[in-house]
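# Chain and residue survey
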Amino acid sequence: MARESATAPVLPRAAGSGRAAAVTYAEEVFRRLLTPRWVGMLAALLVVVAACVLLGLWQLGVARDSGRKDVVAAASSLQRAPLQQVTAPHSAFRGEFSNRAVTVTGTYAAGRSLLVVDRRLGDRLGSWVVTPLETQGGTVPVLRGFVDGTPASVPEPPAGVVTVRGTLGPGESPQPGDPLPAPQVRSIDLASLVNEWPGELYNVVVLASAESAGPTTGTPLSEAGLTRVPPPQLDAPLNLRNAAYAVQWWVFGIFAIWMWWKMFRAEQEAAEPVAAPREGVPT
């Protein structure tokens, strides 16, 4: 009995049955991956996945651009209206107010003008000039324009009754930093200005595009060395159709990886040898 045991053939261990089998399995997988057929299929997979990723990113970019165009078009399509018909003092700033075209008539309070420092306009570094416009309904901060650097004095606004044409924007959050000498500030913080400027305060900022003398719009006044500040770009929602196309391309890429792995595993399982049954062991 011992003799038969000593001379019996040693059958190879099935894949996955022990530590040695695991090493052999990994080596076998690597060897099959290096065959010309699977090298070519792997290269094709990488091309397909890269194409799906790039196409998805392209569709996502289209979705963002389309959404931005829709928002800008909707804002610009609204007819210019007097400020008091759009909002009231202390009313919350709503999303549809952004870039809303308005007119507002009042008198500038030149003594309360502000210089909002550390601002950029293109490649220029300078300050914003903000002056409160006192109207019959309340006071509204008007961003009159941009000046290079930090001038020693604020450019004087027009005297008398002025009608401002512009677009609406929100106030800003307070910016930390050391105290600045008046009239310099770091942001258009409406929560702070409501306690510093007398009267009712509109919870908006008017970005002036033109100023004219009198209660009606007419010949634009001189800009007094100011450069008008264009309306900010809006954070627009995604175009859902193009966003869905982007997700679809990425799903195609994941599906291609899954199909490649299924094909490789199917061929691998078909090539695995089946261990012969031992003598005396029922099958």
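It should be emphasised that the depicted structure is a prediction, and the values quoted were computed from it without experimental measurement. (Residues numbered from 1 in each chain as written. Predicted model: local features only at pLDDT ≥ 70, side-chain atom pairs only at ≥ 80, totals over all residues. Heavy atoms only, no water.)

For the protein, the count of helices and strands is six helices and eight strands. The secondary structure elements of the protein, listed N-terminal to C-terminal, are α-α-α-β-α-β-β-β-β-β-β-α-β-α. For the protein, with 283 residues in total, the buried portion stands at 34%. For the protein, long-range pairs separated by at least 24 residues make up 69% of all intrachain contacts whose partners lie at least 6 apart in sequence. If you sum the accessible surface of the protein, you get close to 17,500 Å²; carbon and sulfur atoms cover 60% of it. (Helix = DSSP H or I, 4+ residues; strand = E, 2+ residues; numbered from the N terminus. Buried < 20%, exposed > 50% of the residue type's maximum accessible area, 1.4 Å probe, protein only. Contact = heavy atoms within 4.5 Å. Areas by Shrake-Rupley, 256 points an atom, 1.4 Å probe, with all protein chains shown as cover.)

Looking now at a nonpolar patch on the surface. A cluster of nonpolar side chains, contributed by Val-53, Leu-54, Leu-57, Val-247, Trp-250 and Val-251, occupies part of the molecular surface with about 520 Å² of accessible area. The set of elements that each furnish at least two residues to the nonpolar patch consists of helix H3 (36–77) and helix H6 (240–271). Secondary-structure assignment places Trp-250 in helix H6. (Patch = residues over 30% accessible without salt bridge, like charges linked within 9 Å, V, L, I, M, F, W, Y side chains within 5 Å. Salt bridge = Lys/Arg side-chain N within 4 Å of Asp/Glu carboxyl O.)

What follows covers the environment of Leu-226. Residue position: Leu-226 is located in the loop between strand S8 (205–213) and H6. We classify Leu-226 as buried; its relative accessible area is 5%. Here the alpha-carbon distance between Leu-226 and Trp-128, two residues 98 residues apart in the chain, equals 9.1 Å. Setting aside residues up to four positions removed in sequence, Leu-226 forms contacts with Val-129, Arg-144, Gly-145, Phe-146, Val-147 and Pro-155.

Going through the model one piece at a time under the given rule, you end up with seven aromatic pairs. For the ring pair Trp-260 and Phe-264, a centre distance of 5.7 Å and an interplane angle of 5° mean the geometry is stacked. Of this pair, Trp-260 and Phe-264 both sit in helix H6, four residues apart, which is roughly one turn of the helix. Grouped by ring-pair contacts, the aromatic residues Trp-38, Trp-260, Trp-261 and Phe-264 constitute a single cluster. In this arrangement the basic side chain of Arg-119 is found over the ring face of Trp-128, its NZ or CZ atom lying 4.4 Å from the centre. In this structure, Arg-144 is placed above the aromatic ring of Tyr-108, and the distance from its NZ or CZ to the ring centre is 5.5 Å. (Phe/Tyr/Trp six-rings, centres within 6.5 Å; stacked < 30°, edge-to-face > 60°. Lys NZ or Arg CZ within 6 Å of the ring centre and 35° of its normal.)

Let us now look at the pairing of S8. Among the nine residues that make up S8, seven are buried, leaving the element largely enclosed by the rest of the structure. In the sheet, strand S5 (residues 139–148) pairs with S8 via two bridges, with the strands oriented parallel. Considered in S8, the bridge of Val-142 is made with Val-206. The pairing of strand S6 (residues 161–169) with S8 spans eight bridges and is classified as antiparallel. Across the sheet, the residue bridging to Arg-165 is Ala-210, located in S8. (Pairing = 2+ DSSP bridges.)

To continue, consider the pattern of salt bridges. One pass over the full model with this rule turns up six salt bridges. Across the pair Asp-148 and Arg-124 runs a salt bridge, and its minimum N-O distance is 2.9 Å. Of this pair, Asp-148 sits in strand S5 while Arg-124 sits in strand S4 (residues 124–134), and the two are 24 residues apart along the sequence. Residue Arg-144 is joined to Glu-211 by a salt bridge in which the shortest nitrogen-to-oxygen separation is 3.0 Å. Taken together, the residues span a long stretch of sequence, with Arg-144 in strand S5 and Glu-211 in strand S8 at a distance of 67 residues. Beyond isolated ion pairs, a larger network of salt bridges with shared partners links Arg-144, Glu-211, Glu-223 and Arg-228.

As a further point, take the confidence of the model for the protein. Model confidence for the protein is summarised by a mean pLDDT of 82, while 79% of its residues fall at 70 or above. Confidence drops under a pLDDT of 50 for residues 1–12, and excluding neighbours within four residues, the segment shows two contacts in the predicted structure. Taken together, the stretch residues 14–23 has pLDDT below 50 and engages in four contacts with residues farther than four places along the chain or on a different chain. (pLDDT = per-residue confidence, 0-100.)

Take unusual backbone geometry next. Going from Ala-182 to Pro-183, the amide bond is cis rather than trans, its omega being 10°. One can find Pro-183 in the loop between S6 and strand S7 (184–185). Phi is positive for His-90, which is not a glycine, with a value near 70°. Assessed through its relative accessible area of 46%, His-90 is described here as partly exposed.

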